[in-house]
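Understanding the architecture of this molecule
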Amino acid sequence: MNKKFTSGLIALSLGLSISGIAVAQDKLIVYTSMKESLIGALKTKFNEKYPDIAMDYQSAGAGKLMAKIAAEKESGQIMADVIWTSEVPDFFHMKESGMLETYVSSEVGNIINPIPDFDGSFTPIRLGTLGISYNTRFVKKDPPSQWADVLTPQFKGAFGIANPALSGTSYMSVSLLKSTFGWEYFEKLKENKAKIGKGAGQVIDDTASGDLLASLAVDYITNDKIRKGASLKLAYPKEMLVIPSPAAIMKGTKNLSSAQKFIDFLLSEDAQKIIAHEGTLPVRKGIEPNPEFGLPSAEEAMSRAIPIDYKSVIASKEETVKKFTQILQGRN
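What counts and what doesn't
- Residues numbered from 1 in each chain as written.
- Predicted model: local features only at pLDDT ≥ 70, side-chain atom pairs only at ≥ 80, totals over all residues.
- Heavy atoms only, no water.
- Buried < 20%, exposed > 50% of the residue type's maximum accessible area, 1.4 Å probe, protein only.
- Helix = DSSP H or I, 4+ residues; strand = E, 2+ residues; numbered from the N terminus.
- Arc of directions from axis to C-beta.
- Contact = heavy atoms within 4.5 Å.
- Core = buried A, V, L, I, M, F, W, Y, C linked by side-chain atoms within 4.5 Å.
- Polar contact = N/O pair within 3.5 Å; in protein donor to acceptor, adjacent residues only side chain to side chain.
- Salt bridge = Lys/Arg side-chain N within 4 Å of Asp/Glu carboxyl O.

1. A look at helix H7 (residues 200-209)
An α-helical segment advances 3.6 residues per turn. Residues three or four places apart therefore align on the same side. Of the residues making up H7, those classed as buried are Ala-200, Val-203, Ile-204 and Thr-207. Within H7, the buried residues cover an arc of 100° as seen down the axis, which keeps them to one side. On the buried face of H7, the contacting elements are strand E5 (123-135), strand E6 (159-162), strand E7 (195-197), strand E8 (214-218), helix H8 (219-227) and strand E9 (232-235). After H7 finishes, the residue Gly-210 shows a positive phi value of roughly 100°.

2. Looking at the nonpolar core
Considering soluble globular proteins, one finds that nonpolar side chains tend to be buried as a cluster. Counting 52 residues, the largest nonpolar core has Ile-83, Met-94, Phe-159, Phe-186, Leu-189, Leu-241 and Met-250 as its most contacted members. Other than its neighbours up to four places away in sequence, Met-250 contacts Ile-69, Ile-78, Ala-80, Asp-81, Val-82, Ile-83, Met-94, Met-99, Leu-100 and Glu-101. Among the nonpolar cores identified, the runner-up in size contains 45 residues, and Ile-39, Leu-42, Ile-112 and Val-203 belong to it.

3. As for the environment of Thr-280
Structurally, Thr-280 can be placed in the loop between helix H10 (269-277) and strand E11 (281-282). For the pair Thr-280 and Phe-293, spaced 13 residues apart in the sequence, the C-alpha separation amounts to 8.9 Å. Look past the residues within four positions of Thr-280 in its chain and what remains in contact with it is Arg-126, Leu-127, Gly-128, Asp-219, Tyr-220, Ile-275 and Leu-295. One polar contact links Thr-280 to Arg-126, side chain to side chain, over a distance of 2.7 Å. Of the polar contacts made by the side chain of Thr-280, one reaches the backbone oxygen of Leu-127; its length is 3.5 Å.

4. Let's talk about the pattern of salt bridges
Under the defined criterion, the tally for this structure stands at 13 salt bridges. We note a salt bridge from Arg-284 to Glu-107, for which the minimum N-O separation is 2.7 Å. Of this pair, Arg-284 sits in the loop between E11 and helix H11 (298-304) while Glu-107 sits in the loop between strand E4 (100-101) and E5, placing them 177 residues apart in sequence. Summarising the burial analysis for this pair, Arg-284 and Glu-107 share the class buried. Note that Asp-224 is salt-bridged to Lys-228, the shortest N-O span being 3.2 Å. One connected set of salt bridges, linked through shared partners, spans Lys-35, Asp-224, Lys-228 and Glu-278.

Right, dumping it as structure tokens:
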């Protein structure tokens, strides 16, 4: 055999650089519902820290990602090594189904952890907040600051909320508002002709365009539009909606070490600063939110957060969505 060819094969097998091209030794696939600007910035920083890990991701809505994982599980091979979304009930379901690898990162001691009975099955990476987004071009007097404010004549027929049957974040929000104010709150929304949107992004788009004056809105989606010039502001009532976005390692991954490094990285100062910059709350203690958006600190948000009984939220989803639909859309 030609000696040069043999040397080339040896170099390839050792994962060395040939002609200036580095051969990655490890791979990592992340399924995430995070927006492109966030996951893209995190990928860049992760690749800088771990150039020997070929990290890639698929970004889509949580529902689509869970459907993809279900299909892959049925076929015998889940392609994702890590899943990171904002649909906390999905993580409880995956844990109960034995689909998650337990991993307690060494960084956990540095974070605010709202996950009850935490055992490392899934780890909070950011704290998603929801408030009342309103259009500052049209709402110049008496802007909303409390949940009851959107029940006033100013917002009649002009307040939007995503359908909880289609949006997991909206479902969590509806559950929390119901636990605090009862179904009476939604009956009053109906009387004030509140509108139902398909997704969390749609109601914010409609608020930015002026089709709505206000909406129940996710922080980073709203703040991204504000950064791009939308005439929006996000108000946080004292009873805050705070929903963690967890990440987990899929059971049976062939890239366990790389997946563990990615979880560690997501909780690191570098990654948490990126998360804060993107207009949402980091979980790491000592990382301040981006002052550009007027977010409360993570500590303050948790002190004002409506408590979440995850078991109840999960068990009552069908009943809650049905009741919401009956009230807001007049359907049985």
